[in-house]
Amino acid sequence: MRVEIDKIHKDSYSKLADDVNKKSKSFKSKDYKASLSYESLLLNKDISVEKKKKALIERLHKLIIKTFSIDLSKIKSEKKILEVLKHNIRVLRKIVDKLKDINYYLEESFLAELGLIKRSLNINKNKSPERLIENAKFSLSKQYLCKLEHTTYKLIEKIILFDKKLLKGYKSKEEKIIAKEKVVIKDINNVLKKQSELFNHLEAKLPPPSKIKPLLLKKKIFNQWIPVVLTLMTACNSEYRKEEMIFEKLKKNKKIKQIINKKISSLEKEKAGLIGIKQERVMGRAKLGGLENELRIMFHDFNAVKNL
C-alpha cells in the first residue's frame, strides 16, 4: 500500500526524530527539570497574533522534545520524573489551549475580515469561543489519518528510544513524496481547521496532572503513548508551515499586511471602540434589524480577541 507524503511533512517528522534522538542520548535524571518562564508568552498582548502563534508553536515543539525524550533505562528517581512530567504537561496543555484560542480568532473573525470566508449572522450567543471550537464539525480525512499512522511508523523506526517490536502493529507503506505541494491562499481555512483538530487530539493525549501515574513510565505504555504525541506534533508543525507560506502570500498586499501586523492590544481597543460606536447607532434607531446582528458579530469578534 502506498501513502502520499508531502515534503513539508516528511521534513517535519525527520527533524523531530533527530531532535528526540539528540535529546535522549544526553538524557540524565538530574537534568530533567520543569519548564519555567512560560506565563509571559501566554499573557503577552504587545505582539501580533501571527508572531504569538509562531512563538507558541516553537515553544510547544521544544517542550514536547524536552518532556518526552526520556530514556527509561536511565531513570534514577521515578518520583522526581513524575513531578516534572506533571508540571511540563500542565504547561503543554496551557500552550495548546492558547493555540486553540488563536485558531478560533483566525477561523471565525480574521478570515471573515479579510473576505476569505463568508461571515455568518447566526452567531450562537450562548457559546464561548472555547466551546465553539470544541464542537467544530470538522474531521480529518481517511487519507490524512493514514498519513498520521505512517508518520507514527516512521518515528518508531527512526527514534532510538522506541522498541522496534512496535512496528509489527503497523502496516508498512511505500512513501510517495510530493516534492512541490501547491499551497494557495484559499487553502487557509482548511489548514486552520486541520490544525484545530490536531490541537484537540494532542490535548487529549496530554493527560491532566491528576491522571499522570507511574504506569505511564512503564516501557509498554510509554512506547505506545509517546509516538502518538510526537506524530501529532509533527502534523501540527507541517500544517503550521503551510500556514506560514500562505501568510507570506497574504502579506504581499500592503493593506492585509497592516492588519496581520497589528498588536493584540490594538485589536482589543479597536474591537471595543467599534462596539461602542455600533451601540450608539442601535440606541438611536427604532428599527434594529441588521444593526442588531452586526452588534452581535462585534461582541463575538471582541470575545475572540480578548482570549488571545
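## Things to note about the nonpolar core
The tendency in soluble globular proteins is for nonpolar side chains to be buried side by side. Ranked by internal contacts, the top residues of the largest apolar core, which has 78 residues, are Leu60, Ile64, Phe68, Leu85, Tyr105, Phe110 and Leu230. When residues of this core are assigned to their parent elements, the largest contribution, 16 residues, is made by helix H4 (residues 78-113). Apart from the residues lying within four places of it in its own chain, the contact partners of Phe68 are Leu85, Ile89, Leu92, Leu161, Leu206, Phe222, Trp225, Ile226 and Val229.

## Here we look at helix H1 (residues 7-25)
Because each turn of an α-helix spans 3.6 residues, side chains separated by three or four positions in sequence point in the same direction. The terminal C-alpha atoms of H1 lie 27 Å apart, and with 19 residues this matches the ideal 27 Å at 1.5 Å per residue to within 8%. Listed in full, the buried residues belonging to H1 are Ile8, His9, Ser12, Tyr13, Ser14, Leu16, Ala17, Val20, Asn21 and Ser24. Residues of H1 that are buried sit in contact with strand S1 (2-6), helix H3 (49-68), helix H6 (142-158), strand S2 (174-178) and helix H8 (219-250).

## Examining the environment of Ser238
Take Ser238: it is sitting in helix H8. Distance in space between the C-alpha atoms of Ser238 and Asp11 is 8.3 Å, their sequence separation being 227 residues.

## Notes on the packing of H1 against H6
Where H1 meets H6, the axes come as close as 10 Å, and the angle between the chain directions of the two elements is 30°. Between H1 and H6 lies a crossing of right-handed hand. Judged by residue contacts, His9, Tyr13, Ser14, Leu16, Ala17 and Asn21 of H1 engage Lys147, Thr151, Lys154, Leu155 and Lys158 from H6. Its residues placed into classes, the contact of H1 with H6 shows four nonpolar, four polar and three charged.

Rules and cut-offs
For every chain, the first residue of the written sequence is number 1, and numbering continues from 1 along that sequence. Under the rules for a predicted model, residues below a pLDDT of 70 receive no local features and side-chain atom pairs below 80 are neither given nor counted, while totals for whole chains, interfaces and linings still include all residues. Computation of side-chain values: all heavy atoms of the structure, hydrogens and water removed. Here the nonpolar core consists of buried residues drawn from Ala, Val, Leu, Ile, Met, Phe, Trp, Tyr and Cys, with membership extended through side-chain atoms lying within 4.5 Å. Relative accessibility decides the category of a residue: with a 1.4 Å probe and only protein chains considered, values under 20% of the type maximum give buried, values over 50% give exposed, and everything between is partly exposed. The helix and strand labels rest on DSSP assignments: H or I over at least four residues marks a helix, E over at least two residues marks a strand, and numbering proceeds from the N terminus. Residues are treated as being in contact if the distance between any of their heavy atoms lies within 4.5 Å. Helix span is expected to be 1.5 Å times the residue number reduced by one. To obtain an axis, a line is fitted to C-alpha atoms, over the contacting stretch when the element is a helix, and the angle between two such axes runs from 0 to 180 degrees between their N-to-C directions. In a left-handed crossing the near helix is turned counterclockwise from the far helix by less than a right angle, and in a right-handed crossing that turn is clockwise. All amino acids are sorted into three groups, where Ala, Val, Leu, Ile, Met, Phe, Trp, Tyr, Cys and Pro are nonpolar, Asp, Glu, Lys and Arg are charged, and the leftover types, Gly among them, are polar.

Honestly, that's just the spatial picture; any functional story needs more than this.
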